[in-house]
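For reference, the chains in residue letters:
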Amino acid sequence: MTQVAIRDALSGQIAAGETVTVRGWVRTRRDSKAGLSFVNVSDGSCFDPIQVVAPASLANYEDEVSHLTAGCAVIATGTLVASQGKGQSFELQADTVEVVGWVEDPETYPIQPKPHTMEFLREVAHLRPRTNIFGAITRVRHCMAQAIHRYFHENGYCWVNTPIITTSDAEGAGQMFRVSTLDLANLPRTADGAIDFREDFFGREAFLTVSGQLNVEGYCLALSKVYTFGPTFRAENSNTSRHLAEFWMVEPEIAFADLAATADVAESFLKYVCKAILDERGDDMAFFAQRVDKQAIARLEAIVSTPFERIDYGAAVEILKRAPKTFDFPVEWGMDLQTEHERYLCEQHVRGPVVVTDYPEQIKAFYMRMNDDGRTVAAMDVLAPGIGEIIGGSQREERLDRLDARMVQFGLDPADYQWYRDFRRYGTVPHSGFGLGFERLLVHVCGLTNIRDAIPYPRVPGSAEF
RNA sequence: UCCCGAGUAGCUCAGCCGGUUAGAGCACCUGACUGUUAAUCAGGGGGUCGUCAGUUCGAGUCUGACCUCGGGAGCCA
């Protein structure tokens, strides 16, 4: 008797006739008067459950097997055989079915063998991994994460774990969560009545990170090719289907690389990850294409096979101005591109992925490198059909005087960024990188509509349950 | 945060112009059915109509406030 993953039992890796044990949770049970029950059991190792054929001759058939309902935990041992029925290649002819855990009240068990709305499943986020769709999302999410690490590892990048807690309070990427051990009911005060953060845990104000980029630049300027992949926190009060207060971000940073080189990395990176999902999670993607979004697979294939076009912001504005389409927001040089503009560019004009580069300096962050024209910075966005912006990146300003000027222009005090400025004082080199919202990519890979379904336990304003 | 919309059985929903005992499908329970595929068929149990207040002879239905959820906007990844 061998304990096996259902994935292996169904894939043909195990010879028919072998005696095997599977362990998992009941999805459905169908009884036949022929004297047997069909119990579909899932262990999450693949999309499909295995059909356990339980004969009425089992000792516990009357008392237990015939009362199994969705969610019951079972261990089934028997012979793996080619299925007599349609719908599956192999099935398990059970010799024993041990019930490990019953469902207390089948009628009120939230995960029923029927379609549920995503809204309802969010209310039972601790149980939703037991559904087909969240099993699939979870496996694709894992596949994506592994592919990301593999891509960088194979290309000579070092994974750098930048801090979750930061004391840079003005990275310009949004509102931050405070980290403090002060007694809120009894705050220490300075002479002028302000809160005395010298009494706080770190001896100064501290927050949760909104980006690892500034920190990772230091490692980039020593290890040449690095990336971060970890949780990120934004305290913005945004209540949308595209925002989380806690999400995961991927941020590669490359030394001696200009913007064009980073755009090439972004393209090969996305192609690699999307191809890995197609190769490794065909079962789950087939489900998304069938039940969630018909375009799910075609969209991934398009990213893998279509070369990304590159245009600069100025050209994009000209294209949009001449577009035979009226936009809600009129296009003018100097303004940020709206979602409708981005979608037109990649879906109507290019009809494929496009990298837009060199944006007006006033709409981009302080650390982006000023171009020679003095009015644009070396920034890029990767836009994909049906997805919109999936990557934002830039070449970093490596010249100290220019960087200081940008900080002042953005109302930041260079004195607060001494360690960041050091990178430009000691052996500065051109370098660049980009950021990818992990859940946003996952939403679009799976064809989901709400980012709260792309992370196991979503944290959003007013809600951090489970 | 702003603008819309929605809260009725475990889930998804119907419930007309305010009027008798609030319905359906699925799920669950019982039974039937010779290998089923979200099986099928018959029967059964299951409700503080989001909360609070108000209008009315009478409120699931009308009004107000609040709560929760969803869609859109802003901000962004």
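Quantities reported herein were computed from a predicted structural model and do not represent experimental measurements.

**Student:** What is the right way to look at the overall build of chain A in this model?
**Tutor:** Each helix and strand counted, chain A has twelve helices and 17 strands in total. If one aligns the C-alpha atoms of chain A with their principal axes, the spans along those axes are about 85 × 60 × 45 Å. With 466 residues in all, chain A has 49% of them scored as buried. Long-range pairs, those at least 24 residues apart, make up 66% of the contacts in chain A between residues at least 6 apart in sequence.

**Student:** What exactly am I supposed to notice about the protein's contact with RNA strand B here?
**Tutor:** In the vicinity of RNA strand B, 49 residues are found, and the nearest of them are Q51, E107, K114, T240 and R440. Near the protein, within 4 Å, the atoms of RNA strand B are sugar or phosphate in 46% of cases. Within the side chain of Q112, an N or O atom sits 2.7 Å from a base nitrogen of RNA strand B. R234 has a polar side-chain atom sitting 3.1 Å from a sugar or linking oxygen of RNA strand B. By residue class, the composition of the surface near RNA strand B is twelve nonpolar, 23 polar and 14 charged.

**Student:** Explanation requested: the pairing of strand β17 (residues 431–437) in the structure shown.
**Tutor:** It is a general feature of regular strands that their side chains alternate between the two faces of the sheet. With six of seven residues buried, β17 is to be regarded as a mostly interior element. Bridge analysis of strand β12 (residues 246–255) against β17 gives five bridges, and the strand direction is antiparallel. For E253, the partnering residue across the bridge sits in β17 and is G433.

**Student:** Help me out: how do you make sense of the nonpolar core in this one?
**Tutor:** Here is a general trend for soluble globular proteins: nonpolar side chains tend to be buried in one another's company. Formed by 95 residues in total, the largest nonpolar core has its most connected members in I50, V97, F269 and F288. Among the elements that take part in this core, helix α3 (residues 132–154) stands out by supplying twelve residues, more than any other. Other than its neighbours up to four places away in sequence, F288 contacts I133, A136, I137, V140, D293, A296 and C446. Formed by 31 residues, the second largest nonpolar core is a distinct cluster that contains I319, C346, V350 and Y367.

**Student:** How should I be thinking about α3 in this particular structure?
**Tutor:** The α-helix advances 3.6 residues per turn, and as a result positions three or four apart in sequence lie on the same side. Its 23 residues give α3 an end-to-end C-alpha distance of 32 Å, which sits within 8% of 33 Å, the value for a rise of 1.5 Å per residue. In the segment just after α3, G156 is the residue with positive phi, at about 85°.

**Student:** I'm lost on unusual backbone geometry in this one. Help?
**Tutor:** A negative phi angle is the norm for most residues apart from glycine, just as the trans form is the norm for most peptide bonds. Here D358, not a glycine, exhibits a phi torsion of approximately 60°, which is positive. Here the phi dihedral of F466 falls at roughly 70°; this positive angle occurs in a residue that is not glycine. Its place among the elements puts F466 in the segment after α12 (438–446). A relative accessible area of 37% places F466 in the partly exposed class.

**Student:** Would you mind going over the sheet that holds strand β8 (residues 165–166) with me for this structure?
**Tutor:** The strands making up a sheet are joined through hydrogen bonds of the backbone, oriented either antiparallel or parallel. With antiparallel pairing, the three strands of this open sheet are ordered in space as β8-β10-β9. Sheet topology places β8 and β9 (178–179) at the edges, where each strand pairs with a single neighbour. Bridge count between β8 and strand β10 (residues 206–208): two bridges; the pairing is antiparallel. Bridge pairing in β10 links T166 to F207.

**Student:** How should I be thinking about the state of the cysteines in this particular structure?
**Tutor:** Disulfide: a covalent bond formed between the sulfur atoms of two cysteine residues. Applying the stated criterion across every chain, the model contains zero disulfides. There is no disulfide at C143, and the cysteine sulfur nearest it, in C446, is 10 Å away.

**Student:** Would you take a moment to explain the packing of α3 against α12 for this structure?
**Tutor:** Relative orientation and spacing of two packed helices are given, respectively, by the angle between their axes and the distance between those axes. Two elements in contact, α3 and α12, have axes separated by 11 Å at closest approach and are oriented at 125°. As the angle between them shows, α3 and α12 are arranged oblique. In this structure, the crossing between α3 and α12 has a hand that is right-handed. Contacts between α3 and α12 involve I137, V140, R141, M144, A145 and I148 on the former and, on the latter, F438, E439, L441, L442, V445 and C446.

**Student:** Whenever I open this one, the confidence of the model for chain A confuses me. Can you help?
**Tutor:** Any segment with low pLDDT has predicted coordinates that should not be analysed in fine detail. Taken as a whole, chain A shows an average pLDDT of 92; of its residues, 99% reach a score of 70 or greater. Mean pLDDT in chain A bottoms out at helix α9 (residues 339–349), which sits at 86, and peaks at strand β7 (residues 158–159), which reaches 98. Both scores are given for the predicted complex: the pTM is 0.94, the ipTM 0.90.

**Student:** Explain the packing of helix α5 (residues 259–280) against helix α7 (residues 296–305) to me, please; I cannot follow it from the model alone.
**Tutor:** Look at α5 against α7: their axes get within 8 Å of each other, and the N-to-C directions meet at 140°. Taken together, the axes of α5 and α7 are oblique relative to one another. As α5 packs across α7, the resulting crossing turns out to be left-handed. Mapping the contact onto sequence places L270, K271, C274, K275, I277 and L278 in α5 and I297, L300, E301, I303 and V304 in α7. The class makeup of the residues in the contact of α5 with α7 is eight nonpolar, no polar and three charged.

**Student:** Looking at this model, I keep getting lost on the sheet that holds strand β13 (residues 309–312). Mind explaining?
**Tutor:** Pairing within the open sheet is mixed, and its eight strands lie in the order β7-β11-β12-β17-β16-β15-β14-β13. A strand with exactly one partner marks an edge of an open sheet, and here the two such strands are β7 and β13. Relative to strand β16 (residues 388–395), strand β15 (residues 376–384) runs antiparallel, the two being bridged by six bridges. Opposite A384, over in β16, you have G388 as the bridge partner.

Rules used in this analysis
- Residues numbered from 1 in each chain as written.
- Chains lettered and ligands numbered in written order.
- Predicted model: local features only at pLDDT ≥ 70, side-chain atom pairs only at ≥ 80, totals over all residues.
- Heavy atoms only, no water.
- Helix = DSSP H or I, 4+ residues; strand = E, 2+ residues; numbered from the N terminus.
- Buried < 20%, exposed > 50% of the residue type's maximum accessible area, 1.4 Å probe, protein only.
- Contact = heavy atoms within 4.5 Å.
- Near = heavy atom within 4 Å.
- Polar contact = N/O pair within 3.5 Å; in protein donor to acceptor, adjacent residues only side chain to side chain.
- Nonpolar A, V, L, I, M, F, W, Y, C, P; charged D, E, K, R; others polar.
- Pairing = 2+ DSSP bridges.
- Core = buried A, V, L, I, M, F, W, Y, C linked by side-chain atoms within 4.5 Å.
- Expected span 1.5 Å × (residues − 1).
- Disulfide = S-S within 2.5 Å.
- Axes fitted to C-alpha atoms, helices over the stretch in contact; angles between N-to-C directions.
- Parallel < 35°, antiparallel > 145°, perpendicular 65-115°, else oblique.
- Left-handed = near helix turned anticlockwise from the far one by under 90°.
- pLDDT = per-residue confidence, 0-100.

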